[in-house]
Amino acid sequence: MTDGLLIVGEDVCAEVVNSADAFKAVEAVFGAMAKGDAYNFPVIREAIGYADALYGFKSGFDRAGKTLGLKSGGYWPGNMDKGLTNHQSTIFLFDPDNGMLQALVGGNYLTAVRTAASSSVSIAHLARKDAKVLGMVGAGHQSAFQLRAAAEQRDFEKVVAWNPHPEMLPRLGEVARELGLEFEAVSQEELGAQADVIITITSAFEPLLMKSWIKPGTHIACMGTDTKGKQEVDPELLAAATVFTDEVAQSVSIGEAQHAVGSGLISEDDITPIGAVINGDHPGRSSEEQITLFDGTGVGLQDLAVASVAAEQAEKQGKATRITL
């Protein structure tokens, strides 16, 4: 990049980064993490005591990709009523050679697309090849991104969905039909009975799926639990599954595995970084009957990877703004 600070707005990010770009960037950074070439720094995430908001920072350094930076932002649950997305964030990229700020990148679209890329990476590497039914638990802003990204990884024929607020499901149904997929709103139990792949993308603090509802061979991507206390599935489900994650340290502290580990059902050693599968150091799924579960906690390096793509492409396409601080 040339001198000056690169500004890449939300609209530009959506123009220059698609789901395939995000998949490639996230898959690569997961592989780098597993090799020890990329590092996430400790997460800061707190309730601010105002507007029911959670706010924090995720940061890290990808030595292989020469990407250094942080994402600042959080979750404002009342934003949807204001016509805004609940997740609000901005990504800062720094020059690892001198520490200077290189780029300021809108993080809302990129957070959604990188989260969807994370689950789709898990589907690509862990789901059965013959998976036909996709189950969606959650119908908020990110659910459409999740559905579109998942549909690129397997030849799904049908989507079954459940949401605690069922009036939100028709919007997700429209996305499914745009993709040529049958859509059915079902109970949680029926979702588990039908789905070959399940994505949970909620802000729940209690289990929404129980172990007894999940059939053999299912792959589950738990994408909503990213804070201490949050929970989407029965801890017994993790005990019955082969568990993978983006980063083990986050999985056991703020991810879905925090509850199973805390109750002694599994240990940290039972959780495998998905980068090990990507790099060929772990076989991933070992049988058609095996239940696999990906604990997608959301790491800062994902944000930096997709923001780096956005900055590079925006500059290349002449869609970014440069200023001098």
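See above for the structure.
None of the values given here were measured: they were computed from a predicted structure.

Chemist: Looking at this structure, how should I read helix α5 (residues 169-178)?
Modeler: Each full turn of the α-helix corresponds to 3.6 residues, which orients residues three or four apart in the same direction. Within α5 the residues assigned to the buried category are L169, L172, G173, V175 and A176. Axial view of α5: buried residues confined to an arc of 155 degrees, hence all on one face. Opposite the buried face of α5, by more than 90 degrees, sit the exposed residues R177 and E178. The elements touched by buried residues of α5 are β8 (133-137), α4 (141-151), β9 (158-162) and β10 (182-185). Directly beyond the C-terminal end of α5, a positive phi value near 80 degrees is found at G180.

Chemist: Teacher, can you tell me more about the pairing of strand β1 (residues 5-8) here?
Modeler: Consecutive residues of a regular strand have side chains that alternate between opposite faces of the sheet. Relative to strand β18 (residues 321-323), β1 runs antiparallel, the two sharing three bridges. Its bridge partner lying in β18, L5 is registered against I323. When β1 meets strand β7 (residues 101-106), the two strands line up parallel, connected through three bridges. Bridging from a neighbouring strand, I7 pairs with L104 of β7.

Chemist: Sorry, what's going on with the packing of α4 against α5 here?
Modeler: When two helices pack together, their arrangement is given by the angle between their axes and by how far apart the axes lie. Relative orientation of the contacting elements α4 and α5 amounts to 20 degrees, with a least axis distance of 10 Å. It follows that α4 is roughly parallel to α5 by the angle criterion. In the crossing of α4 with α5, the sense of the turn from one axis to the other is right-handed. Facing α4, whose interface residues are H141, S143, A144, L147 and R148, α5 presents R171, L172, V175, A176 and E178. Its residues assigned to classes, the contact of α4 with α5 shows five nonpolar, two polar and three charged.

Cut-off values and rules
Residues numbered from 1 in each chain as written. Predicted model: local features only at pLDDT ≥ 70, side-chain atom pairs only at ≥ 80, totals over all residues. Heavy atoms only, no water. Buried < 20%, exposed > 50% of the residue type's maximum accessible area, 1.4 Å probe, protein only. Helix = DSSP H or I, 4+ residues; strand = E, 2+ residues; numbered from the N terminus. Arc of directions from axis to C-beta. Contact = heavy atoms within 4.5 Å. Pairing = 2+ DSSP bridges. Axes fitted to C-alpha atoms, helices over the stretch in contact; angles between N-to-C directions. Parallel < 35°, antiparallel > 145°, perpendicular 65-115°, else oblique. Left-handed = near helix turned anticlockwise from the far one by under 90°. Nonpolar A, V, L, I, M, F, W, Y, C, P; charged D, E, K, R; others polar.

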